[in-house]
Amino acid sequence: MARITARNLVKRYGAFQAVHGINFDIEDGEFVAILGPSGCGKSSTMRMIAGLESISDGEILFDGRRVNEIRPRDRNVAMSFENYALYTPITVYENIAFPLRAAGVNKADIDRKVWDIAAKMELTPLLEQMPASLSSGQAQRVSLARALVREPSVFLLDEPISHLDTRQRYRMRRFIKSIHQEFGHTMIYVTHDQEEALALADRVMVMSNGEIQQLDTPQQVYTRPANVFVAGFVGEPPINFFDFTSETDGEITIEGNRITVPESLRPHLGRIGKRGTAAVRPHFMELGETSPIRLKGRGFITEELQDHNEIFVDVGETRVSLVTPPDKHVARGEEVTISINPDHLLLFPPRQQKEENFDVV
Ligand code: ADP
Ligand code: MG
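Thresholds applied
- Residues numbered from 1 in each chain as written.
- Chains lettered and ligands numbered in written order.
- Predicted model: local features only at pLDDT ≥ 70, side-chain atom pairs only at ≥ 80, totals over all residues.
- Heavy atoms only, no water.
- Pairing = 2+ DSSP bridges.
- Helix = DSSP H or I, 4+ residues; strand = E, 2+ residues; numbered from the N terminus.
- Axes fitted to C-alpha atoms, helices over the stretch in contact; angles between N-to-C directions.
- Contact = heavy atoms within 4.5 Å.
- Near = heavy atom within 4 Å.
- Polar contact = N/O pair within 3.5 Å; in protein donor to acceptor, adjacent residues only side chain to side chain.
- Areas by Shrake-Rupley, 256 points an atom, 1.4 Å probe, with all protein chains shown as cover.
- Nonpolar A, V, L, I, M, F, W, Y, C, P; charged D, E, K, R; others polar.

Points about the sheet that holds strand E18 (residues 318-324)
Reading across the sheet, the five strands line up as E15-E19-E16-E17-E18 and stay open at both edges, with antiparallel pairing between neighbours. Each edge of the sheet is formed by a strand with only one pairing partner; in this case those strands are strand E15 (285-287) and E18. Each strand of the sheet is rotated relative to its neighbour by a mean of 45 degrees, with strand direction disregarded. Across three bridges, the pairing between E15 and strand E19 (residues 335-340) is antiparallel. Its bridge partner being in E19, Met285 is matched across the sheet by Ile340.

Quick notes on the sheet that holds strand E3 (residues 31-35)
Across the sheet, six strands lie side by side as E6-E7-E8-E3-E9-E10; this open sheet has mixed pairing. At either end of the open sheet lies a strand with only one pairing partner, and these are strand E6 (77-80) and strand E10 (211-216). Each neighbouring strand pair of the sheet contributes to a mean axis angle of 15 degrees, computed without reference to strand direction. Contacts from helix H4 (residues 136-148) reach E6 and strand E7 (154-158), with the element oriented near 165 degrees to E6.

Quick word on the site of ligand 1
Every residue lining ligand 1 is accounted for by Tyr13, Phe16, Ala18, Pro37, Ser38, Gly39, Cys40, Gly41, Lys42, Ser43 and Ser44. At 3.5 Å from a nitrogen atom of ligand 1 is found a side-chain nitrogen or oxygen belonging to Tyr13. One nitrogen or oxygen atom from the side chain of Ser44 is found 2.5 Å from an oxygen atom belonging to ligand 1. Burial of ligand 1 by the protein chains amounts to 58% of its free accessible area of 560 Å². Looking at the shell around ligand 1, the elements that each hand over two or more residues are strand E2 (16-26) and helix H1 (42-50). When residues of the shell around ligand 1 are assigned to their parent elements, the largest contribution, three residues, is made by H1. Along the lines of polarity and charge, the residues of the shell around ligand 1 split into five nonpolar, five polar and one charged.

Shape descriptors only; they carry no functional weight alone.
Okay, here's the thing in structure tokens:
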């Protein structure tokens, strides 16, 4: 197992800089998800860790030792991609044994390791089958087993399940989590799917435009996003944003509603100044007067989703979504009051136009 450190890590492709001098520490045995929109530099970062891409500047350390000049196969890293290419003319057993044979491991050890990993990956009944007869989920498990059989110290996965259908994806997600619990590798998992990242990882590294926006636990990334980008990229349904103005100390105005800012946010508001962006997740607002932080609005639509409802309300010019219990409804045009949970009001500096576009795929 290994601890992975990046210091001022840069990736350039010709004149184009894809990764802008990032720094991180991933603990031994930790599961970190790299999350961000397409093109933000996730794969470049991962491929530099694996040694498949050269490092343009800065360095990567495994357990404090610089690995920039170390060849991929000597880094003891396993990597699994979306395009799991199994060798079709040979059995599942032979596919898993392949990297061991290539490394010159003796026959008895190969047999022991293949059976051992097959048992852990629930592949024992499939060992004599040919790849063509496998479902896509099974093929993916074989590909993971093949990557893991060499007992790597670091396991890197780049969008390994994004091509599977929703149900298979849920199954594989649990499976990948169980692999981490079983083997305890340092694991880095690249995905553009925020739900997947939050469900799997000990910590999530949110990237955008070649920079780390936040590296923290799923809980912190969700409830205490570092900036507007993280707030908007993480969470489903998406977080609600409001422009606010602040004329009086400790007060803000959102769409004509005057709000006294909780004590804990006041120093923060002081730093932001007279204009900014407020944000609240749909789960942290409700209909009615249940908190001192309230907004007046008009009902737009209620979506009934059986175990909960999603309610849309127009607050001035801003359309807001709320996740409510299934017995709550709004009628179109109905005057309603929304209450915001004071612990979950977020205040940020004013948004830049470009930050509002979260193109995910
Ligand atoms: P992600 O995995 O987050 O989608 P990548 O790390 O693959 O992002 O790519 C980051 C940026 O670098 C993108 O703008 C992409 O087009 C560019 N890029 C990636 N690989 C190459 C390459 N081999 N040559 C030139 N540009 C590249
Ligand atoms: Mg990628």
